[in-house]
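# Descriptive analysis of the structure
As a plain string of letters, each chain reads:
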Amino acid sequence: MIPLLALLIAYLLGSVPFGYLLVKWKTGADVRAAGSGNIGATNVLRTTGRAAGIATLLLDIAKGYAAVCIAGALTDRSPLWMSAAALAVIAGHAYPIFLKFKGGKAVASFVGAFLCLTPLALAAEIIIFVVMLAWTRHISMGSIAGAATFPLAVWLILQPPMPVEAAAILGAIFIIYRHSSNLRRLHDGTESIFTFGAQK
């Protein structure tokens, strides 16, 4: 029962919609009605400003990290259950129970979860993300490239237990899937260009 409790906690943590809550608190608006309609840090940055965007990013990373750490504490650092918790917190962000299962793309929660589970491999992927963002000026391109190469980085750098590698593969596939609309816009040349935005 304890491992299942760890997964429930991870999902519920993932479901906390920090971007939605911060925008609602700051402006009274529903961030889902503006910009891309996403509750994540990128849309919060574009619609509400730097402070809210950065806060959303850090809080979404923190909930991913906390979910995996809690699972580790509850299961004697079991690779299986920590890996499952990483997927659960990502699923919670994408399909939050508190917003009728309509959430974000879960990149920040992915980062937080694997920052706890596979920090060295994640560091390599952050470099890839930054390079792709600087080259293309598309956050989505950085996220997709980072996700696509993440399982290989995990294997080459860590050669981890199979549950960890499986979580890396499934998490990466899920992140790419959640960017399906971005891939279409990239193909059509209509994807938004990243700018850090005016401070609000």
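Residues numbered from 1 in each chain as written. Predicted model: local features only at pLDDT ≥ 70, side-chain atom pairs only at ≥ 80, totals over all residues. Heavy atoms only, no water.

Helix and strand content of the protein: 10 helices and 0 strands. Secondary structure of the protein in N-to-C order comes out as α-α-α-α-α-α-α-α-α-α. For the protein, whose C-alpha radius of gyration is 16 Å, the value lies close to the compact-globule estimate of 16 Å for 200 residues. By its C-alpha atoms, the protein is 45 × 35 × 25 Å across when sized along the principal axes. In the protein, the proportion of contacts linking residues at least 24 apart, taken out of those at least 6 apart, comes to 68%. Surface exposure of the protein reaches about 9900 Å², of which carbon and sulfur atoms provide 71%. Side chains of the protein carry 15 positive and 7 negative charges; the gap between the two charge centres is 12 Å. (Helix = DSSP H or I, 4+ residues; strand = E, 2+ residues; numbered from the N terminus. Rg over C-alpha atoms; globule rule 2.2 N^0.38 Å. Contact = heavy atoms within 4.5 Å. Areas by Shrake-Rupley, 256 points an atom, 1.4 Å probe, with all protein chains shown as cover. Lys, Arg positive; Asp, Glu negative; His and termini not counted. Charge placed at Lys NZ, Arg CZ, Asp CG, Glu CD.)

So, about helix H5 (residues 79-94). Over its 16 residues, H5 extends 23 Å from the first C-alpha to the last, a length consistent with the 22 Å expected when each residue adds 1.5 Å. For H5, the complete set of buried residues consists of Met82, Ser83, Ala85, Ala86, Ala88, Val89, Ile90, Gly92, His93 and Ala94. (Expected span 1.5 Å × (residues − 1). Buried < 20%, exposed > 50% of the residue type's maximum accessible area, 1.4 Å probe, protein only.)

One finds Val68, Ile90, Phe114, Leu117 and Phe150 to be the most contacted residues of the largest nonpolar core, which totals 31 residues. Broken down by secondary-structure element, the contributors of at least two residues to this core are helix H1 (2-15), helix H4 (50-74), H5, helix H6 (107-117), helix H7 (119-136), helix H8 (139-158) and helix H9 (162-178). With 7 residues, H5 is the single largest residue contributor to this core. When neighbours within four sequence positions are excluded, Phe150 is seen to be in contact with Phe110, Phe114, Thr118, Ala121, Leu122, Glu125 and Ala168. The next biggest cluster of nonpolar side chains, apart from the first, holds 7 residues, and it includes Tyr20, Val23, Val44 and Ala52. (Core = buried A, V, L, I, M, F, W, Y, C linked by side-chain atoms within 4.5 Å.)

Turning next to the pattern of salt bridges. Under the criterion given, the structure shown has 3 salt bridges. Put simply, Lys63 and Asp60 hold a salt bridge, and the shortest N to O gap is 3.4 Å. One end of the pair, Lys63, and the other, Asp60, are both in helix H4, 3 residues apart, so they sit about a helical turn from each other. With relative accessibility at 3%, the residue Lys63 sits in the buried group. Judged by its relative accessible area of 1%, Asp60 falls in the buried class. Residue Glu191 pairs with Arg185 through a salt bridge whose shortest N-O separation is 2.8 Å. (Salt bridge = Lys/Arg side-chain N within 4 Å of Asp/Glu carboxyl O.)

Attention shifts here to the packing of H6 against H9. It is at 11 Å that the axes of H6 and H9 come closest, and there the two elements cross at 165°. Our classification of the angle between H6 and H9 gives roughly antiparallel. Of the two possible hands of crossing, H6 and H9 adopt the one that is left-handed. On H9, the residues touching Val107, Phe110, Phe114 and Leu117 of H6 are Val164, Ala167, Ala168, Gly171, Ala172 and Ile175. Class assignment for the residues of the contact of H6 with H9 results in 9 nonpolar, 1 polar and no charged. (Axes fitted to C-alpha atoms, helices over the stretch in contact; angles between N-to-C directions. Parallel < 35°, antiparallel > 145°, perpendicular 65-115°, else oblique. Left-handed = near helix turned anticlockwise from the far one by under 90°. Nonpolar A, V, L, I, M, F, W, Y, C, P; charged D, E, K, R; others polar.)

Here we come to the layout of surface pockets. The volume enclosed by the largest pocket comes to roughly 1000 Å³. Along the wall of the largest pocket there are 41 residues; nearest its centre are Thr42, Val107, Phe129, Ile139 and Ser143. Elements represented by at least two residues in the lining of the largest pocket include exactly helix H3 (41-48), H4, H6, H7, H8 and helix H10 (180-188). The dominant element in the lining of the largest pocket, judged by the number of residues it contributes, is H8, at 6 residues. (1 Å grid on protein atoms, 1.4 Å probe; cavity = no way out; pocket = protein on both sides within 12 Å on 5 of 7 lines; lining within 4 Å. Points joined across faces, edges and corners; volume = space filled by probe spheres on them.)

Function-wise, these values are silent; they only describe arrangement.
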